[in-house]
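The residues making up each chain are set out below.
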Amino acid sequence: MNRSRQFFGTVAVLVGVALCGGCAKSPEPKFVLAKSTEEIVPVRIGDEKTAVNPVEAALHENFGTPNSLVAWELFPLDYGKAEDDLDHPERGTEGWKLLHGRNLYMQHCVHCHGTSGDGAGPTAKFLNPRPRDYRLGKFKFKSTAGAIRPSREDLRTTLEHGIPGTSMPSFVLLKDDLEPIIEYVRFLSMRGEYEFRLYKGIQGILGRKVLAKGGSVPAEAPEEARAEFNDGWKDTLEQVSTDLAEAWTTADAPESIINPREATILDDAKVLADPKPRGSVKFSGETLPADRRVKLDHKEGQYWAVKSLKDEELGFVHHESLEARTGIDPKTGKPTEKSLKRGRELYYSQAVACFKCHGYGGRGDGPSTEDFWEVGNDSPLFQYAGQKYEVRGLHDDWDNHLEPRNLIRGVYRGGRRPIDLYRKVFAGINGAKMPGFSTSLTNDSDLWDLVNFVTTLPYDQSILQGPLPDPSVQPPAAPVNPQASN
Amino acid sequence: MSPWLIILSLGSAAVLLAGALTKKFWPAFFGLSAVATVGISVLAPSYRWWLPGGAQSPMGTEIDDLFYMILIITTVTYIAVHVVLITALIKFSGKPGVKASFSHGSHALEVVWTIVPAAILLFISLYQIDVWMRFRNFATFNRHSRENPVAEVTARQFEWRIRYPAPGKKLMQKPQPDDLYTVNDLHVPFGEPVVIQLRSEDVLHSFFLPHLRIKQDAVPGAIIPVQFQANFEGEQELVCAELCGWGHYKMRGQLTAQRKSEFDKYLRDLQARQSDDGVSGGRAAAVVTQATPKAENHP
Amino acid sequence: MTHGHGVSTLKMGVPIPNAKLGMWLFLGTEIMFFTAFIGTYIVVRLGSPGWPTDTHVTHINILAGAINTFVLICSSVSVVLAHEAVHQGYFTKAKNLMILTLVLACVFLGIKSFEYYGKFQHDILPGHVPESNQQVLDKMVRELDVATGLTALRQRQVSVANELAKETNEERKPRLKAELDVVNTNVSGISKKLETPEFNDLRRKALAGTIKLDDAAKALEKLQHDHPEFKVVHEIHKPILYGNLFASTYFLMTGFHALHVIIGMGFFTHIIMLGNAGRLGFEHGTLVENYGLYWHFVDLVWIFLFPLIYII
Amino acid sequence: MSTHAPADTAHAHDDHDSHGHAAHDSHGHGHELSFFQKYVFSTDHKVIGIQFLITTLLMLMVGGALALGVRWQLAYRFSTMPIVGQLVFANEGGQISPEFYTMLFTMHATVMIFLVIIPILAGAFGNFLIPLMIGADDMAFPTLNMLSYWFMWPAIFFFGLSFFVEGGASSGGWTNYPPLSAIRAAAPGSQDGQTLWLIGVTFIGVSSMMGSVNYMTTIINMRAPGMTLFRMPMTIWAMFITAILQAFALPVLTAAGFMILADRTIGTCFFIPGGLTVNNTPTTVGGGQALLWQHLFWFYSHPAVYIMLLPAMGMVSDMLSCFSRKPLFGYKPMVYSIAAIAGLGFIVWGHHMFISGMNPALGMTFMISTMMIALPSAVKTFNWLGTMWGGNIQFTTPMINSIAFVSMFVVGGLSGIFMAAVPVDIYIHDTYFIVAHFHYVLFGATLFGCFGAIHYWFPKMWGRMMNETAGKIHFVISFIAFNFTFFPMHFLGAAGMPRRLADPYNYPYLEHLLPLNQFMTWSAIVMGFAQFILLANFFLSIKYGKRVGRNPWNANGLEWTAPSPPGHGNFDILPVVYRGPYEYATPNLDVDYFPQTQYVPVEQRVNVAHGH
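Just so you know, these numbers come straight off a predicted model, no measurement behind them. (Residues numbered from 1 in each chain as written. Chains lettered and ligands numbered in written order. Predicted model: local features only at pLDDT ≥ 70, side-chain atom pairs only at ≥ 80, totals over all residues. Heavy atoms only, no water.)

(A) Molecular detail of the overall build of chain D. Helices and strands together make up the secondary structure of chain D, namely 20 helices and 0 strands. What you see for chain D is a C-alpha radius of gyration of 25 Å, in line with the 25 Å of a compact globule of 612 residues. Expressed as a percentage of its 612 residues, the buried residues of chain D come to 74%. On chain D, roughly 16100 Å² of surface is accessible, and the fraction owed to carbon and sulfur atoms is 68%. (Helix = DSSP H or I, 4+ residues; strand = E, 2+ residues; numbered from the N terminus. Rg over C-alpha atoms; globule rule 2.2 N^0.38 Å. Buried < 20%, exposed > 50% of the residue type's maximum accessible area, 1.4 Å probe, protein only. Areas by Shrake-Rupley, 256 points an atom, 1.4 Å probe, with all protein chains shown as cover.)

So, in structure tokens, the structure goes:
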């Protein structure tokens, strides 16, 4: 009997210990502060009794924590107002979309992109390329120009198609759930950018030197100094939030989207002498809006009948027009030899110089990848701006090593449609070293020639053959930053 | 909790109690476990803890039939073995002073219980060889679908990349400029055997269509044709069934089976979308016109 | 575990000492070990549409292999004689025969390393063999870059410059500056000397893939003639399809065999040391026999490997 | 050392030490040995066996903890995982990362297979029982034996270390399929963790190889006088055949391990096909075959499945016969069955690869051989039933565990037929049906067999009994929780739930399985904690258990004639064997057992049934 008691006593103790270990309080997910924000020494703001980190306080007030989110009306954020929807009872809660988005984000995205959207989740460090850090407000693959934020539609495209050639998979099957995720990603991005800009704001008020040492206005600083800081800080908060709100509002405006400069070929069209192939012909000669889908009908060899589906406009386009604009042979739908030749010329030209990054053989191993590149002012490592990365090769704005695309593989991260490639050539890739050529190549047909060249490369490498550019020209000293103009 | 479960648990308690009172606790215990096992298996389908609906492909139906055949054989064996076991436990529970019967075995019994299972097992294996050969032997595939694979499915970490030939063309092993690409959503015409070419770009994956009972590993370095026939119209799951890395569970795809005409239209739409160059009357239109010389006037 | 004296008639089991039985069983596991390798070789070879068999391409030396086979067979004989000598009590003779075996094993390894040297010379190493024209050219570019040494130097340049920029201690700055100057001079000197127009031209064309292999070989030869620094670049040979797989299996099988040879040499050394110490006696009969068994096994494996790798 | 004196003279010399064999001189005098030589680096097979046993019991808890991690994720996907989540994944609110999940199940399998099941059977019981049951004074090569134990520790160390290196532990599944495991960039766990895993497995391989050569030599050559092959207990037969399997299958895995290690480190390409792009690292060059690894791996690992089962079968046969107080039914068919399982075990490996894209004709061949291997298993089951039938069954803890073994083995065996049938396997391959199947065999059968064996031979190890009540409570909880945990897995498999998914409910057709999974998880937790009862019972009984004499179970085997615990050299008199080990309930004897060593004068023999 005694012996049995000993057994069970021991067992009970062991079980108890194990249970206590297992049932400790579960941690809450938390937004991580950027490294730079953490360096700020707390100050007393306004009439506060205790010193706080001003950026942290502002973030907490305006965005909350993952478990209690705060949606700011000022931002163009559809956080999901409460609805009466019997089919979806969860929509009755205020902010349901953001909450739903957060839940989905915590299930599908957090491992790579991190709770704060800093691209530093537990899985991130092993992925190549690294997951996006949303906090700079920069997105690579989008249809909007330059540094403009991505539209909701762009984010949806990325989620639906994934990013081929990277670890970002396609989430196309989430369907209705995509919208909340997009909204939450926008929320995280705004939050991160807000943080980043506030830091820059403090830097502006206090000067860079103080911050470089990780300093701020000490709590015991003279009253005037603190008052001055508080005034400046108030302005900064206001300025940053309105700027941000505007930036994100612009993103969804239709005019932010890049379309081919000559989006239609109708303006070139000539009305035939006998304008009666099919009843009355109404042709204005004006440029049709880009979103209007047009169908072509093959007609008598050299002419194309163009019919707008929307309002039955009918016009005739010269056979050569399509070819002249986009380098496509309308008979075969394939790029013309002339276009490919011109594309090659541009690829190896000193003005466009694609080969410098994408390589002499299009394999993404150009001379630029052999150089050491400088840290930019905008990068998270801006305190080292002017110094060089010790890893050879290009770096993106997130300080990650960057490999120019291998054009032979036929994998296009931003999408493989001609319009996607056009946009890349037109405006460059935001955050990466790919510059836009909208200013250097004023003629759209040049851009299309490049697109044709690039889309043909995976299937026919013979178009690379020919003399190589003059070796005496060194690679450019600094990258052409597409954001510089914005 | 369903009433069945309540009845089950109360019954179990009663049996165990009765066993304990009659000093037959252990026979009752093991007997109960056997009864419970069978019982829960009978109940399982009503909780949908069972095959995900009837098989939606002819091959799947045959596999289901085999499954049920084996299930019957094994259930009978299971019950028989346990009846003997429990009987032995009840009948021969130890009694003090009683000596067990002295026997080293029986040659006749050994022969019987070697030959009977052997015959059954041999029957099972020979019975199903043709199903297996139809699944894996390419020569038995429908000739038309074998020569005209509907798509190439390339598995990669962690998604299914799908490549269709342009409408009216054949799928080539080497990618063609006019191939059509999608991701995670495989469309096929329904009601006819189709063949896909299965590839892998990085590690092992497995192309698993649970509702069609189709599964085939995607082996890097190999192209494996897989034939199946979707007997439904609509969408079903496509799952990766071979560990392929950290995001294995993320590799969710979908099989959409459509009427032939809808499938063709799907491909044409895909083609138009993919050749979109933002220029009205540009490449998209040209390509569509190329594929269908007589343009349709309705969208 | 030796059995010097007679075995009881009531002893169950087989009439051999435990140690010998153990050795036989161990050799059984060893057979399976090499079976896996040989099986792999057969599978990958039959499973590959092509295989490099031309000895000019693979730099396999059949003669060396044949000599090695002969050497190993001789050593097997000498080890048997050594065992016999121990049994008969001629311990010095046994020791001498063991020394002979050891020497033969050394000869084997010598010839083997000569062969390996050839492989290294021509870079027929796993993962190093180009299997397409572009890979040949890429490899040449890589080796050219290594030959100039500029990549490493430029790396150093950057890290010293960064160190200098980060350095707050004024006293240390001059030293870093001086170092930076030295590196800078080195870089520009070497660059001027080696990065000639011909060098750049060859490199560029190779990267673009627009140069024929023969032309590249000629250009490389000229570079090597002008600058001995480029001598380390391997000569350009045609791509070898399945060359990497060949090299993998070759090194795997011969490597593990050589490892077994080395272990066997350790055994022989043990016996020789016993002999030198004058402690070799009748009780070592089983030990010598076991070592001999092991050695026969090593010999046998080679007899399989020789035709598999060298002849077919 | 094994020159036993003739049997009849052995009685005269009970002073064992006075024999003074050469081999004994070095370790024949216990009092001269230091603590380390006696208990740590001991060459005594009993000490080594107990070392193995305690190590594997501890590893069982480790492997169980890893399994609970897996179960937790399946029940509460991406919510706070106790302990690990709080410690490692605080920023994410305690939800584990998906790659950590892959590491959990990989290391669960690794620990359970390589550090628990194989060593507890071959290492612990093999070591402890073989010399005792065949009447030898120790293993043939005691030093090798010691090494085989200590070679396990580097493996434990490397497996443990792998959790703390960059990228974490191996995450390619215990099957370690390349290219996932061969290319460093393919998964976080494919970095250094995978290398450590391979090194660890190589150590286990060397350890097993040393052990199996030792067992084979001992069993062949060191049996006591009279112990003919067909008088050996089933345990010994099973151990013998297991050792053969291990010795001749394992080197293949070791060789394959070296190859994959070379692929990972020095640029060979045995298992890496050319032209792959994994995680954007440079495209692979070469032309190896990914499937080759599967062939080599399963060439070992299918026999390994029997390595993980046969010894338990043997021990259960002994226990069933003893507690049915009745001779084993069909001794020779049982032996032939084991041999047949081992023989066929070498030619069925392809059934793990039915859907891997290998030649369909091969698939057919493997299907038939796989179906046929079910036959000896069935024969064994029937023989166990035959043993109990007509017996005088005593429901001791070892016995109820053995009955559980039979019952669970039937489930595991029958579910095997589903997957042996290739067309059905197309559907259930890599689903939870497989998981259910092998857990029924490995846990339901083998581990319950081991639990029984621990209770059965504990008195021989320590001279004390384990507590019967605690043993029965442990059994009841474990058995119920085990079935609650693993039986529903058949349903999950039938519902098409694939293995190794960190979040199966990502697929809508599996969403309704969540409550069932939660139920299973809680059952698993109960099962896990129930093992503390076993541990407590084990360790406390060493000190407080009831003292017993040499033969507490009235069993026949040679081991029961040795003192409890046996001293150095095991037997105080060299045993001579007169009959097989299963002569229970012999007519015309007063008692119902008839030890193998009991001598019967000639004039009485007519009245006593002959042994084997």
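(B) Just the sheet that holds strand E1 (residues 151–156) of chain B, in detail. All names here are of chain B. Taken in spatial order, the 5 strands line up as E3-E2-E1-E5-E8 in an open sheet, and their pairing is mixed. Pairing within the sheet leaves two strands with one partner each, and these edge strands are strand E3 (180–183) and strand E8 (224–229). Put simply, the sheet's adjacent strands are angled 30° from each other on average, direction ignored. Summarising the sheet, strand E5 (residues 193–200) and E8 pair through 6 bridges and their orientation is antiparallel. Residue pairing for E8: proline 193 is matched across the bridge by glutamine 229. (Pairing = 2+ DSSP bridges. Axes fitted to C-alpha atoms, helices over the stretch in contact; angles between N-to-C directions.)

(C) Spotlight on the environment of valine 476 of chain D. Residue position: valine 476 of chain D is located in helix H18 (residues 468–494). Spatially, the C-alpha atom of valine 476 of chain D lies 32 Å from that of tyrosine 149 of chain D, the residues being 327 residues apart in sequence. Aside from chain neighbours lying at most four places away, what touches valine 476 of chain D is Trp26 and Phe29 of chain B. (Contact = heavy atoms within 4.5 Å.)

(D) Highlighting the sheet that holds strand E9 (residues 234–240) of chain B. Residues and elements named next belong to chain B. Sheet architecture is open: 5 strands sit in the order E4-E10-E9-E6-E7, paired in mixed fashion. Of all strands in the sheet, those bounded by a partner on one side alone are strand E4 (185–189) and strand E7 (214–218). Strand-to-strand, the axes of this sheet are offset by a mean angle of 25°, without reference to chain direction. In this sheet, E7 lies alongside strand E6 (residues 205–209) in antiparallel orientation, the contact comprising 5 bridges. Bridge pairing in E7 places leucine 209 opposite isoleucine 214. Strands in contact with helix H7 (residues 260–274) are E4 and strand E10 (253–258); relative to E4, the strand with the most contacts, it is inclined by about 135°.

(E) Structural detail: the domain arrangement of chain C. For chain C, the assigned domains are domain 1 (58–128 + 242–311) and domain 2 (133–232). If you average the C-alpha positions of domain 1 of chain C and of domain 2 of chain C, the two centres end up 45 Å apart. (Domains from an automatic or database assignment.)

(F) Spatial organisation of the nonpolar core. One finds Phe30, Leu186 and Phe228 of chain B together with Phe125 and Met388 of chain D to be the most contacted residues of the largest nonpolar core, which totals 372 residues. Ignoring any residue separated from it by four or fewer positions in sequence, one finds phenylalanine 125 of chain D in contact with Leu53, Ile120, Ile130, Met239, Met315, Cys450, Ala453, Ile454, Trp457 and Met461 of chain D. Counting 60 residues, the second-largest nonpolar core is a separate cluster that includes Val425 and Leu447 of chain A together with Val136 and Leu194 of chain C. (Core = buried A, V, L, I, M, F, W, Y, C linked by side-chain atoms within 4.5 Å.)

(G) A look at unusual backbone geometry. That bond from proline 178 of chain D to proline 179 of chain D is cis: its omega, 0°, falls within 30 degrees of zero. Inspection of the secondary structure assignment puts proline 179 of chain D in the loop between helix H8 (152–162) and helix H9 (192–221). For the peptide bond that leads from serine 564 of chain D to proline 565 of chain D, omega is -15°, which places it in the cis range. Within the element layout of this structure, proline 565 of chain D appears in the loop between helix H19 (514–544) and helix H20 (602–605). With a phi close to 60°, lysine 23 of chain B is a non-glycine residue in the positive phi region. Its place among the elements puts lysine 23 of chain B in the loop between helix H1 (3–21) and helix H2 (25–43). Residue lysine 23 of chain B is classed as exposed on the basis of its relative accessible area of 74%.

(H) Seen up close, the confidence of the model for chain D. Residue and element names in this part refer to chain D. This prediction gives chain D a mean pLDDT of 89; 93% of its residues lie at or above 70. Every residue in residues 1–30 scores below 50 in pLDDT, and together they form 43 contacts with partners more than four places removed in sequence or on other chains. Interface scoring of the predicted complex returns ipTM 0.89; its pTM is 0.91. (pLDDT = per-residue confidence, 0-100.)

(I) The arrangement of the interface of chain A and chain D in detail. With 38 residues of chain A in contact, the opposing surface of chain D contributes 42 residues. A buried area of about 3100 Å², summed over both sides, lies between chain A and chain D, and 59% of it is on carbon and sulfur atoms. Run the count over chain A and chain D and you get 0 salt bridges. At the junction of chain A and chain D, the tally comes to 9 residue pairs in polar contact (both at pLDDT 80 or more). At 12 residues, the largest contribution of residues to the side of chain A that touches chain D is made by helix H1 (residues 2–22) of chain A. The residue makeup of the side of chain A that touches chain D, split by class, is 16 nonpolar, 15 polar and 7 charged. (Buried area = accessible area lost by both parts, 1.4 Å probe. Salt bridge = Lys/Arg side-chain N within 4 Å of Asp/Glu carboxyl O. Polar contact = N/O pair within 3.5 Å; in protein donor to acceptor, adjacent residues only side chain to side chain. Nonpolar A, V, L, I, M, F, W, Y, C, P; charged D, E, K, R; others polar.)

(J) Summary view of a nonpolar patch on the surface. Residue and element names in this part refer to chain C. Taken together, Ile73, Val77, Leu81 and Ile303 make up a surface patch of nonpolar side chains, about 310 Å² in accessible area. If you tally residues by element for the nonpolar patch, the top one is helix H3 (residues 62–88), at 3 residues. For valine 77, the position within the fold is in helix H3. A relative accessible area of 45% places valine 77 in the partly exposed class. (Patch = residues over 30% accessible without salt bridge, like charges linked within 9 Å, V, L, I, M, F, W, Y side chains within 5 Å.)

(K) Region of the structure containing the packing of aromatic side chains. Taken as a whole and judged by the stated rule, the model has 124 aromatic pairs over all chains. A ring pair is formed by phenylalanine 29 of chain B and phenylalanine 479 of chain D, whose centres lie 5.3 Å apart and whose planes are at 50°; its orientation type is tilted. Residue phenylalanine 29 of chain B is located in helix H2, and its partner phenylalanine 479 of chain D is located in helix H18; the two belong to separate chains. A residue is classified by how much of its surface remains accessible, and phenylalanine 29 of chain B, at 5% relative accessible area, is buried. Lying over the aromatic face of tyrosine 427 of chain D, arginine 213 of chain B brings its terminal NZ or CZ to 4.9 Å of the ring centre. (Phe/Tyr/Trp six-rings, centres within 6.5 Å; stacked < 30°, edge-to-face > 60°. Lys NZ or Arg CZ within 6 Å of the ring centre and 35° of its normal.)

(L) Region of interest: the confidence of the model for chain C. Taken as a whole, chain C shows an average pLDDT of 90; of its residues, 96% reach a score of 70 or greater. Ignoring residues within four places in sequence, the model shows residues 1–9 of chain C, a span with pLDDT below 50, making 15 contacts including any to other chains.

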